[in-house]
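# An overview of the molecular structure
Here is what each chain is made of, one letter per residue.
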Amino acid sequence: MGRGTATALLEQGLAVTGCDVSAQARNAFEAEGGRCAATPAELAAHCDIVLLVVVNADQVEQVLFGDQGLVGALAPGGVVLQCATVAPSIARRFGQRLAEAGLEMLDAPISGGAAKARAGQLSVMASGTPAAFDKAAPALDAMAATVYRLGDEAGIGSSMKLVNQLLAGVHIATAAEAMALGIRMGLDPDTVYEVITHSAGNSWMFENRVPHILKGDYTPLSAVDIFVKDLNIVHDTGRELAMPTPVTASALQQFTAAKGAGFGREDDAAVIKVYQRLSGITLPEAANDDGGA
């Protein structure tokens, strides 16, 4: 999603400098006309608005405050759009630490996946000061179809993202269970998909993820590991608030089982493979696999 967003910004005429631990990713972005930096500190010399699109809080910490981090190199008044899914309490701490360094932060998780990132059509769930929103406006306009301004303080954007991730993870796990049940009962998988997508049981995730199952293609657009991480954050936040999240816990166990079975780096639709292991159902195979159609 980071590279897709960077390319979308570039195509909107913004001067964009990319930074990635992967030399291959940097080379590919340069081939598209972008400029690249080898470290966050080097990138800070070229930017006053930084989009931070990484996987988890540890990576955010390293990019911001590591040996070659942004803080200390980014000029005072710069704005960091922190787009990773993290716990609201952690987002608040990042916001406080950046403010102490003279920097603004938008707590700005994103949703929409790689395709919408590339098209500049993401949803951004953001909170931060009006000054941060104003300064970040050119980037937000270029990367998003919708920007939700949820409040003035860090943590609110991350709270909203957890609600989204709770639903997304539960819907994927439920879609997998529904497809597994249909297959186990002898129904044709394509027919199940056709009927459900025109019935009340449909969801955006069912409609979007089940085609991966039908094609037998688990190339990771969003991986099982992501939902192990995100649903753990939801579960931990619920415990902090003494708020039970039993449905989240059930979905988390299914994703954890998929990770434990070796599918963590596959597409999140691979959570259905847990049912293949447990009940012996036969899943559709990719067209180029032996026995595939």
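The notes below deal with the structure included here. The shown structure was predicted, so the numbers you read here are calculated from the model rather than taken from an experiment.

## Considerations on the overall build of the chain
Looking only at helices and strands, the chain has 13 helices and eight strands in total. Taken over the C-alpha trace, the chain has a radius of gyration of 20 Å; the compact-globule value for 293 residues is 19 Å, and the two agree within 12%. Expressed as lengths along the three principal axes of its C-alpha atoms, the size of the chain is roughly 65 × 50 × 35 Å. Within the chain, buried positions represent 45% of all 293 residues. Counted over contacts in the chain with a minimum sequence separation of 6, partners at least 24 positions apart contribute 65%. Carbon and sulfur atoms provide 53% of the accessible area of the chain, an area that totals close to 14200 Å². Charge-centre separation for the chain: the mean point of 20 positive side chains lies 2 Å from the mean point of 32 negative side chains.

## Let's talk about the environment of Lys 161
Structurally, Lys 161 is set in helix α8 (residues 156-184). A relative accessible area of 6% means that Lys 161 is categorised as buried. Distance from Lys 161 to Ile 183, taken between C-alpha atoms, is 33 Å for residues 22 residues apart in sequence. Apart from the residues within four sequence positions on either side, Lys 161 is in contact with Thr 85, Pro 109, Ile 110 and Met 125. Within the structure, Lys 161 has its side chain in polar contact with the side chain of Thr 85 (distance 2.8 Å).

## Quick word on the sheet that holds strand β6 (residues 110-111)
A sheet is described by the order of its strands in space; here three strands give the open sequence β6-β7-β8, paired in mixed fashion. Two strands close off the open sheet at either side, each with one partner strand: β6 and β8 (144-149). Bridging between strand β7 (residues 122-126) and β8 involves five bridges; their strand directions are parallel. Bridge assignment links Val 124 to a residue of β8, and that residue is Val 147. Sitting on the sheet, helix α7 (residues 130-143) is in contact with β6, β7 and β8, with an inclination near 160 degrees to β8. Here α8 sits on the sheet and contacts β6 and β7; the angle it forms with β7, its principal contact strand, is near 130 degrees.

## Some points on the pattern of salt bridges
Using the criterion set out here, one finds eight salt bridges in the structure. Between Lys 259 and Asp 225 there is a salt bridge, with the nearest N and O atoms lying 3.0 Å from each other. With a gap of 34 residues between them, Lys 259 in helix α12 (residues 246-263) and Asp 225 in helix α11 (residues 224-240) connect regions that are remote in the sequence.

## Some thoughts on the environment of Gly 155
Turning to its location among the elements, Gly 155 is positioned in the loop between β8 and α8. Residue Gly 155 is classed as buried on the basis of its relative accessible area of 2%. Along the chain, Gly 155 and Ala 126 lie 29 residues apart, while their C-alpha atoms are 9.0 Å from each other. Those residues in contact with Gly 155, other than ones at most four positions away along the chain, are Pro 88, Ala 91, Arg 92, Asp 107 and Ser 127.

What counts, and at which threshold
- Residues numbered from 1 in each chain as written.
- Predicted model: local features only at pLDDT ≥ 70, side-chain atom pairs only at ≥ 80, totals over all residues.
- Heavy atoms only, no water.
- Helix = DSSP H or I, 4+ residues; strand = E, 2+ residues; numbered from the N terminus.
- Rg over C-alpha atoms; globule rule 2.2 N^0.38 Å.
- Buried < 20%, exposed > 50% of the residue type's maximum accessible area, 1.4 Å probe, protein only.
- Contact = heavy atoms within 4.5 Å.
- Areas by Shrake-Rupley, 256 points an atom, 1.4 Å probe, with all protein chains shown as cover.
- Lys, Arg positive; Asp, Glu negative; His and termini not counted.
- Charge placed at Lys NZ, Arg CZ, Asp CG, Glu CD.
- Polar contact = N/O pair within 3.5 Å; in protein donor to acceptor, adjacent residues only side chain to side chain.
- Pairing = 2+ DSSP bridges.
- Axes fitted to C-alpha atoms, helices over the stretch in contact; angles between N-to-C directions.
- Salt bridge = Lys/Arg side-chain N within 4 Å of Asp/Glu carboxyl O.

Nothing here speaks to function; it is geometry throughout.
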